[in-house]
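The residues making up each chain are set out below.
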Amino acid sequence: MPRLGPINRPHLIRHLRHLRSEGPFSGPRRQFMVRGNITIRIPNPHSGDISRELLTRILRQAGVTLNEWGSL
């Protein structure tokens, strides 16, 4: 079960793919993934992990519940 943050970018992408998201695709400012008709913005790669707060916002934007995230 993935933790609810902090998490590194490759793990976030891997877990979103398990939740039937496609991508990441290149956008004008940052990469994004697509889940159904929802576009999920992915943070740019950097040296640190994605914080719990940012992960929560990404999951909310993606329409992922904590139960779905916890069942991975």
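Scroll up a little and you will see the structure.
Per chain, the residues get numbers from 1 upward, laid out in the order the sequence is written. Since the coordinates come from a predicted model, pLDDT governs what is reported: local features require at least 70, and pairs of side-chain atoms require 80 or more to be given and counted, while whole-chain, interface and lining totals use all residues. Side-chain metrics in this entry use all non-hydrogen atoms of the structure; hydrogen atoms and water are not considered.

Asker: Run through the overall build of the protein, naming residues and quoting values.
Answerer: Numbered from the N terminus, helices here are DSSP runs of H or I no shorter than four residues, and strands are runs of E no shorter than two. Counting its regular elements, the protein contains three helices and three strands. Ordering the α and β elements of the protein from the N terminus gives α-β-β-β-α-α. For this measure, only C-alpha atoms enter the radius of gyration; the expected value for a globule follows 2.2 Å times N^0.38, where N is the number of residues. For 72 residues, the compact-globule estimate of 2.2 N^0.38 gives 11 Å, and the C-alpha radius of gyration of the protein, at 11 Å, lies within 12% of that figure. For the protein, the spread of C-alpha atoms along the principal axes amounts to about 30 × 30 × 15 Å. Each residue gets one of three labels from its accessible area relative to the maximum for its type: buried under 20%, exposed over 50%, partly exposed in between, using a 1.4 Å probe on protein chains only. Expressed as a percentage of the 72 residues in the protein, the buried residues total 32%. Here the analysis covers contacts within the protein between residues at least 6 apart in sequence; of these, 48% occur between residues at least 24 apart. All accessibility values rest on the Shrake-Rupley procedure with a 1.4 Å probe; residue burial counts only the protein chains present in the view. Here the protein displays about 4,900 Å² of accessible surface, and carbon together with sulfur accounts for 50% of that area. When charges are counted, neither His nor the chain ends are considered; positive counts come from Lys and Arg and negative counts from Asp and Glu. A charged residue contributes its charge at one atom only: NZ of Lys, CZ of Arg, CG of Asp or CD of Glu. Separation of charge centres in the protein, based on 12 positive and 4 negative side chains, amounts to 4 Å. Between two residues, a contact is recorded if the distance between any of their heavy atoms is within 4.5 Å.

Asker: Please provide a residue-by-residue account of helix H1 (residues 9–18), values included.
Answerer: Residues of H1 that are buried: Arg9, Leu12, Ile13, His15 and Leu16. One side of H1 carries all its buried residues, which in axial view fall inside an arc of 165°. Exposed and oriented more than 90 degrees from the buried face of H1 are Pro10 and His18. On its buried face, H1 sits against strand E1 (22–25), strand E2 (32–35), strand E3 (38–41), helix H2 (52–62) and helix H3 (66–70). Arc definition: it is the arc formed by the directions from the helix axis to the C-beta atoms.

Asker: Would you mind going over unusual backbone geometry in detail, with residue names and values included?
Answerer: Keep in mind that most residues, glycine aside, have a negative phi and that most peptide bonds are trans. The residue after Gly23, namely Pro24, is reached through a cis peptide bond having omega 10°. Mapped onto the fold, Pro24 is located in strand E1. Positive phi is not limited to glycine here, since Arg20 has a value of about 65°. Note on placement: Arg20 falls in the loop between H1 and E1.

Asker: Can you explain the environment of Gly63? Please cite residues and give values.
Answerer: You can see Gly63 is positioned in the loop between H2 and H3. Relative accessible area serves as the criterion here: at 43%, Gly63 is assigned to the partly exposed category. Expressed as a C-alpha distance, the spacing of Gly63 and Phe32, which sit 31 residues apart in the sequence, is 15 Å. Discounting chain neighbours no more than four positions away, the residues touching Gly63 are Arg35 and Glu68.

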